[in-house]
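Chain and residue survey
Here are the chains, one letter per residue:
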Amino acid sequence: MGPPPEGPASSTPADGRPPAALPDGLSPAARELYVRVTRGDRTRPVDEPALRELRSWRLVTADPARPGAPVPHDPGAAVRRRVDEGLSELASRAAALAALSEVADALAPHFERAAWRSGSGSEFLAEPGQAAARIAEAAGRADTELLTACPPEPGRPGHPWAVRGGSLDAAARGLPVRVLYRDGDREHPAAHAHAAALTARGGQVRTLAAPFQSCVVVDRRQAFIPDLVGSSPAHAAWHVADRALVAFIAEGFEDAWRRSDIWDAPCRRPAEDALTRRQREILADTAAGVDQRITARRLGIGLRTLTKELSALRARWGVPTLAALAYQWALSADRRPDADGPSTAPAARPD
């Protein structure tokens, strides 16, 4: 048997390096060999790399009867199989990548909890609402003690230092809770309601006439303080995890606490500050979930008047929502049947 017939010159470089792959992944040498196989040419030892590539694509198979003459197969079917395999691999990789976010979501809370307790540093909270949300979360996880120096700001119920709900929840769980207000806040309705509710749960409330620094100290392991740089926005704050700095902040609170006066929060507000009969009925319906149109019709007032009354009541307690207003009403001494304030006759006609 003579030597195998010569086919077209191979495109394999003379230095033996593998040819560069085309965009579809099939090398020029493999393409050339496939053409020769379809013509019935026999393969040569130098064709072995290209032959292995054709076999991996299932473009040729060996012919037992003719060892040097592989059998060609339909390239369309081979490419479709290749596409299906590639799409299946991409789907598996996409699913694996999507699972990475689930890993982060599952582990992130544990990392944050460890970072808070490690005392490794501090974080600047610059976004609006970020400090309030972080303080509320930390107060909800308190398990030893909660200290709060929170002078309220009228018209800003969402102020980050006004952690009224968090302190009430902590006190209800039996934790020692101490809150320090400014002396002038005794006349602030929201501060008064909070102090009354907190002392009823075993918390302690005091006021101080001298200036003091706003802060929240949780379990003596982390603290929050406002940013003291004058150019920073009012909502900016620092979440402090350094143990030494947290201890320093807590000692500043203790010093102010020693100089403060006990607030007898459950005392009755002045008579001129009592709720009117109409306001109490509006609050009762709001707490019961009665539709505002039904309340307005029953009281003989317009819906606009009812809305103004609710706005005034929210400002009175410094709360942003009707749900929070209903909560304050539930804690209010005006809710008692004998707490009759000045009556307000219904309006003669809706506005």
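Since this is a predicted model, take the numbers as computed values, not measurements. (Residues numbered from 1 in each chain as written. Predicted model: local features only at pLDDT ≥ 70, side-chain atom pairs only at ≥ 80, totals over all residues. Heavy atoms only, no water.)

Regarding the overall build of the chain
- Counting secondary structure elements, the chain contains 11 helices and 10 strands.
- Every one of the 351 residues in the chain was classed for burial, and the buried ones make up 38%.
- Partitioning the contacts of the chain with sequence separation of at least 6, the portion at a separation of at least 24 is 67%.
- Accessible area of the chain: about 19,400 Å², with a carbon and sulfur share of 58%. (Helix = DSSP H or I, 4+ residues; strand = E, 2+ residues; numbered from the N terminus. Buried < 20%, exposed > 50% of the residue type's maximum accessible area, 1.4 Å probe, protein only. Contact = heavy atoms within 4.5 Å. Areas by Shrake-Rupley, 256 points an atom, 1.4 Å probe, with all protein chains shown as cover.)

Looking at the sheet that holds strand β4 (residues 146–149)
- Taken together, the 8 strands give an open sheet; going across it, the order is β3-β9-β8-β7-β4-β5-β6-β10, and neighbouring strands pair in mixed fashion. In this open sheet, the two edge strands, each paired with only one partner strand, are β3 (122–125) and β10 (261–262).
- Here 4 bridges tie β3 to strand β9 (residues 237–240), and the two strands are oriented antiparallel to one another. Looking across to β9, one finds that Ser 122 is bridged to Val 240.
- Packed onto the sheet, helix α6 (residues 189–200) meets β5 (177–182) and β6 (204–208) and runs at close to 155° relative to β5. (Pairing = 2+ DSSP bridges. Axes fitted to C-alpha atoms, helices over the stretch in contact; angles between N-to-C directions.)

Points about the pattern of salt bridges
- The final tally for this structure, using the stated rule, is 22 salt bridges.
- In this structure, Glu 309 engages Arg 278 in a salt bridge whose closest nitrogen and oxygen atoms are separated by 2.7 Å. With Glu 309 in helix α10 (residues 303–317) and Arg 278 in helix α8 (residues 277–288), this pair connects stretches of sequence that are 31 residues apart. Residue Glu 309 shares its accessibility class with Arg 278, and that shared class is buried.
- Measuring nitrogen to oxygen at the nearest pair gives 3.1 Å for the salt bridge that ties Arg 298 to Glu 281. With a gap of 17 residues between them, Arg 298 in helix α9 (residues 292–299) and Glu 281 in helix α8 connect regions that are remote in the sequence.
- On the accessibility criterion, Arg 298 (47% relative accessible area) is partly exposed.
- Residues joined by salt bridges that share partners form a network here, namely Glu 145, Arg 178, Arg 220 and Glu 254. (Salt bridge = Lys/Arg side-chain N within 4 Å of Asp/Glu carboxyl O.)

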